[in-house]
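Chain residues, written in single-letter form:
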Amino acid sequence: MNKDTGIGSIVHLGAGALSGVTSCVLLQPFDLLKTRMQQSQTQATSVSGKGSVVRAVRTVVAADGVLGLWRGTVPSLIRNAPGTSLYFYFLSHTRQLCLLAEQRMLNDPSHSKLSATSNMLVGASSRAFAGFLLMPMTVLKVHYESSLYRYAGITEALREIWRMGGVRAFFIGAVPTAIRDAPYAGLYMLLYEAIKHHERAFAEARELALPEATVTMVAGVMAGLTASYMTQPFDMVKTRMQLRPAEYTSVMQAFTKIFREESIVGFFRGISLRVLRKGIQASLVFTLYEWVLRKNSQTTDKKAEASSTSTIRA
């Protein structure tokens, strides 16, 4: 039996939740500032440079204090903890399904490494499915982070979003979110596995002992940065559709409106914040996730070894 299968679904869910909560709390200011810079043309006069980020920080701190940078943390936690858990749960199971399919296609039961195509498929499908299930929490999170809405609490926010359009209001921006998340996750998984492989090969060729945490962290940062840049325009469209649905009514109309009024530059507002957050988040999440799995695997092996020793002595 594959060791990954023996770890169990509950461990994948727990590891995903731990990594999701940790990254969410630490990196919430990046998300809030990105949303503020993307919410309208007039509130961000430059793409993402140092000046505009500093202005955004000053505006938030002046209005809400330093803790204002963590506004929206609770909705983020409600979304990210189960969202990351579901993502890793689906990732684990779809990875096993794809591996079994490849073993049958190759007629090789010992085949244990997914192809690049399978890695992309696994990452994209897992992220898209988890993202769709958590879409209402995504809308709630973006509303909380924006300065366009002021809610006294989560109950009031949910009530106001419902008044905007019922169930449909909680799924505004679902299409650009899926178009953003599926390619992002697919590219991320492809690059993440490839970079890890090259890091290990590089270390082995030079007889270096690279800690596994270093391997996953470097791979996570590089994969996260690259995938973030390539999917940024869809993130902008998603944010505008969710915050100003009356003005941005569909994916194509939103793309056309942003391009016409702000040119290609408009799609990259907040890019530095998103790229930095995604790079750190992806590195942190996958490093924590794989660390939990390794620790669980080591504990399981020790218990099995102790049980075997006891049986022999008996």
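Residues numbered from 1 in each chain as written. Predicted model: local features only at pLDDT ≥ 70, side-chain atom pairs only at ≥ 80, totals over all residues. Heavy atoms only, no water.

As named in an unreviewed UniProt entry, the protein chain is Mitochondrial glycine transporter, taken from Coemansia interrupta. Taken from UniProt, the Sequence similarities (unreviewed entry) comment for the protein chain reads in full: "Belongs to the mitochondrial carrier (TC 2.A.29) family. SLC25A38 subfamily." The Function (unreviewed entry) field of the UniProt record for the protein chain holds the comment "Mitochondrial glycine transporter that imports glycine into the mitochondrial matrix. Plays an important role in providing glycine for the first enzymatic step in heme biosynthesis, the condensation of glycine with succinyl-CoA to produce 5-aminolevulinate (ALA) in the miochondrial matrix." (UniProt positions renumbered as here; feature names shortened; annotations may be inferred.)

## A short note on empty space enclosed by the protein
This model, assessed by the stated rule, comprises two cavities of 30 Å³ or more. Contributing to the lining of the largest cavity are 31 residues, with Arg79, Asn80, Arg127, Lys278 and Gln281 lying nearest its centre. When contributions to the lining of the largest cavity are tallied by element, the ones reaching two or more residues are helix H2 (9-38), helix H4 (73-106), helix H5 (116-133), helix H6 (135-145), helix H8 (174-205), helix H9 (212-243) and helix H11 (271-313). Class assignment of the residues belonging to the lining of the largest cavity gives a composition of 10 nonpolar, nine polar and 12 charged. Volume-wise, the second largest cavity comes out at about 40 Å³. As for the second largest cavity, its lining consists of Ser23, Cys24, Leu27, Gln28, Asp31, Ser76, Asn80, Arg277 and Gln281. (1 Å grid on protein atoms, 1.4 Å probe; cavity = no way out; pocket = protein on both sides within 12 Å on 5 of 7 lines; lining within 4 Å. Points joined across faces, edges and corners; volume = space filled by probe spheres on them. Helix = DSSP H or I, 4+ residues; strand = E, 2+ residues; numbered from the N terminus. Nonpolar A, V, L, I, M, F, W, Y, C, P; charged D, E, K, R; others polar.)

## Section: H8
Here H8 is 32 residues long and its end C-alpha atoms lie 46 Å apart, about the 46 Å a rise of 1.5 Å per residue gives. With its phi angle positive at about 55 degrees, Glu207 sits one or two positions after the end of H8. (Expected span 1.5 Å × (residues − 1).)

## Focus on unusual backbone geometry
Even without being glycine, Asn107 reaches a positive phi, approximately 55 degrees. By secondary structure assignment, the location of Asn107 is in the loop between H4 and H5. Its identity as a non-glycine residue notwithstanding, Glu207 has a phi of 55 degrees, on the positive side. Of note, Glu207 is situated in the loop between H8 and H9.

## A closer look at the packing of aromatic side chains
Taken as a whole and judged by the stated rule, the model has nine aromatic pairs. A ring pair is formed by Tyr89 and Phe90, whose centres lie 5.8 Å apart and whose planes are at 65 degrees; its orientation type is edge-to-face. Plain terms: the ring middles of Tyr188 and Tyr192 are 5.5 Å apart, the flat faces sit at 15 degrees to each other, and that makes the pair stacked. Note that Tyr188 and Tyr192 are positioned in helix H8 at a spacing of four residues, about one turn of the helix. For the pair Tyr188 and Tyr192, a shared accessibility class is recorded, and that class is buried. Counting every residue linked through ring pairs, the aromatic cluster contains Tyr89, Phe90 and Phe129. We note Arg127 situated over the ring of Tyr87; from NZ or CZ to the ring centre the distance is 4.0 Å. When the ring centre of Tyr248 is taken as origin, the NZ or CZ atom of Lys257, which lies over that ring, is 5.5 Å away. (Phe/Tyr/Trp six-rings, centres within 6.5 Å; stacked < 30°, edge-to-face > 60°. Buried < 20%, exposed > 50% of the residue type's maximum accessible area, 1.4 Å probe, protein only. Lys NZ or Arg CZ within 6 Å of the ring centre and 35° of its normal.)

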